[in-house]
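Structural characterization, general
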Amino acid sequence: MRIARYVADGGDPSYGIVELAEDAGQHPDTVAAISGDPLAGPVKYTGERHLLDDVRLVSPVIPRSKIVAIGKNYAAHAAEFNSSVPDEPLVFLKPNTSVIGPGEPIVYPPETENLHFEGELAVVISRICRRVPAERAADVIFGYTIANDVTCRDLQAKDKQWSRAKGYDSFCPLGPWISTHLSIEEAGRLDIATTLNGEARQESNTAQMVYSIPRLIEFVTSFTTLLPGDVLLTGTPKGVGPMLPGDSVSVRVAGLGTLTNPVVAED
């Protein structure tokens, strides 16, 4: 199942179930409206349906409290910065105000001269959880989506910590929807690729992650409580690089879709 948030006819964001042509169902390339928030409780179909082309997709989730992100979780990415893989997962936080949806602009702030894309697989948490053992990690996963961990590379080096460099508004595109049908094993072997203006920049597979999804959930919940709708970014492969106003960056994860955002200069 693919759960999206969308805006139709200028209204407020609503949740819906996406059916694609590849599903070979009766309603290809549509979104069927559902009542309520699926992360908060039971929902049901309302009977309303829209063509995907007639709605605007927004971020499929706005984390209720936090985005927990992992650095240097692909050995080749660490190596491209002449760095080693950490002995434990390297954790940092992004504010929920950094979240935008597909098609929304990544804003290039005036404080940086080196803004980078970082395509990633994102995990959406389903319930309140603390100290989750790796073997039970699947019990707390609602689904998976795609993320771009936008980073001011020069500010990251200057500040010696990552809050400002990765925390600007618009620095966490998520989307296009949450896929709930994948097992945790399937999510751990997905092709992931990033293109800039249609040209390949990153190509890898989530099987190349140093620390697996179960291990990351176990580690993160050892020190903090995760809430429904919190998002875990699992790290980026090698090939990250700069983007400029006027560029378009797309992150594709096999089985999940493609997340595309333009880059614009801050007014």
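The present account deals with the structure reproduced in this document. Keep in mind it's a predicted model, so treat the numbers as computed, not measured. (Residues numbered from 1 in each chain as written. Predicted model: local features only at pLDDT ≥ 70, side-chain atom pairs only at ≥ 80, totals over all residues. Heavy atoms only, no water.)

1. Here's the deal with the overall build of the chain
Counting secondary structure elements, the chain contains 5 helices and 20 strands. The C-alpha atoms of the chain give a radius of gyration of 18 Å, which matches the 18 Å a tight globule of 267 residues would have. Dimensions along the principal axes, computed over C-alpha positions, put the chain at roughly 55 × 45 × 30 Å. Of all 267 residues assigned to the chain, the portion counted as buried reaches 52%. Across the chain, contacts joining residues at least 24 apart in sequence account for 70% of those joining residues at least 6 apart. Separation of charge centres in the chain, based on 23 positive and 34 negative side chains, amounts to 7 Å. (Helix = DSSP H or I, 4+ residues; strand = E, 2+ residues; numbered from the N terminus. Rg over C-alpha atoms; globule rule 2.2 N^0.38 Å. Buried < 20%, exposed > 50% of the residue type's maximum accessible area, 1.4 Å probe, protein only. Contact = heavy atoms within 4.5 Å. Lys, Arg positive; Asp, Glu negative; His and termini not counted. Charge placed at Lys NZ, Arg CZ, Asp CG, Glu CD.)

2. Considering the sheet that holds strand S10 (residues 115-117)
Across the sheet, which stays open at both edges, the 3 strands sit in the order S13-S10-S18 with antiparallel pairing between neighbours. The strands lining the two open edges of the sheet, one partner per strand, are strand S13 (151-152) and strand S18 (241-242). (Pairing = 2+ DSSP bridges.)

3. Concerning a negative patch on the surface
A cluster of like negative charges, contributed by Asp9, Asp29, Glu48, Asp53 and Asp54, occupies part of the molecular surface. You can see Asp53 is positioned in the loop between strand S4 (45-51) and strand S5 (56-58). For Asp53, a relative accessible area of 77% corresponds to the exposed category. (Patch = residues over 30% accessible without salt bridge, like charges linked within 9 Å, V, L, I, M, F, W, Y side chains within 5 Å. Areas by Shrake-Rupley, 256 points an atom, 1.4 Å probe, with all protein chains shown as cover. Salt bridge = Lys/Arg side-chain N within 4 Å of Asp/Glu carboxyl O.)

4. Examining the side chain of Arg2
In this structure, Arg2 sits in strand S1 (residues 2-7). Of note is the side chain of Arg2, whose polar atom sits 2.7 Å from the side chain of Asp23. When neighbours within four sequence positions are excluded, Arg2 is seen to be in contact with Gly16, Ile17, Val18, Leu20, Glu22, Asp23, Trp177, Ile178 and Ser179. (Polar contact = N/O pair within 3.5 Å; in protein donor to acceptor, adjacent residues only side chain to side chain.)

5. Section: the pattern of salt bridges
Under the counting rule described, the total for this entry stands at 12 salt bridges. For Glu118, the salt bridge goes to Arg153, with nearest N and O atoms at 2.8 Å. One end of the pair, Glu118, is in the loop between S10 and strand S11 (119-125); the other, Arg153, is in helix H2 (residues 153-159), and 35 residues separate them in sequence. Both residues of the pair, Glu118 and Arg153, count as buried. Among the salt bridges present, the one from Arg215 reaches Glu218, with a minimum N-O distance of 3.6 Å. Within this pair, Arg215 and its partner Glu218 are both found in helix H5 (residues 213-220), separated by 3 residues, close to a single helical turn. Taking the relative accessible area as the measure of exposure, Arg215 reaches 28% and is therefore partly exposed. What emerges from the salt-bridge pattern is a single network uniting Lys94, Glu118, Asp149, Arg153 and Lys166.

6. Comments concerning unusual backbone geometry
The omega torsion across Gly175 and Pro176 is 0°, close enough to zero to call that bond cis. Among the secondary structure elements, Pro176 is positioned in strand S14 (residues 172-179). Non-glycine residue Asp9 carries a positive phi angle of around 55°. Relative to the assigned elements, Asp9 resides in the loop between S1 and strand S2 (14-19). According to the relative accessible area criterion, Asp9 is exposed, its value standing at 77%. Positive phi, close to 60°, is recorded for Ala24, a residue that is not glycine. Mapping Ala24 onto the fold places it in the loop between S2 and strand S3 (30-34).

7. Regarding H5
Taken as a whole, H5 has its buried residues at Ile213, Leu216, Ile217, Phe219 and Val220. Viewed along the axis of H5, the buried residues span an arc of 165°, placing them on a single side of the element. The elements touched by buried residues of H5 are strand S6 (67-71), strand S7 (90-94), S11, strand S12 (141-148), helix H4 (184-187) and strand S17 (231-233). (Arc of directions from axis to C-beta.)

Interpretation in functional terms is not warranted from these geometric data alone.
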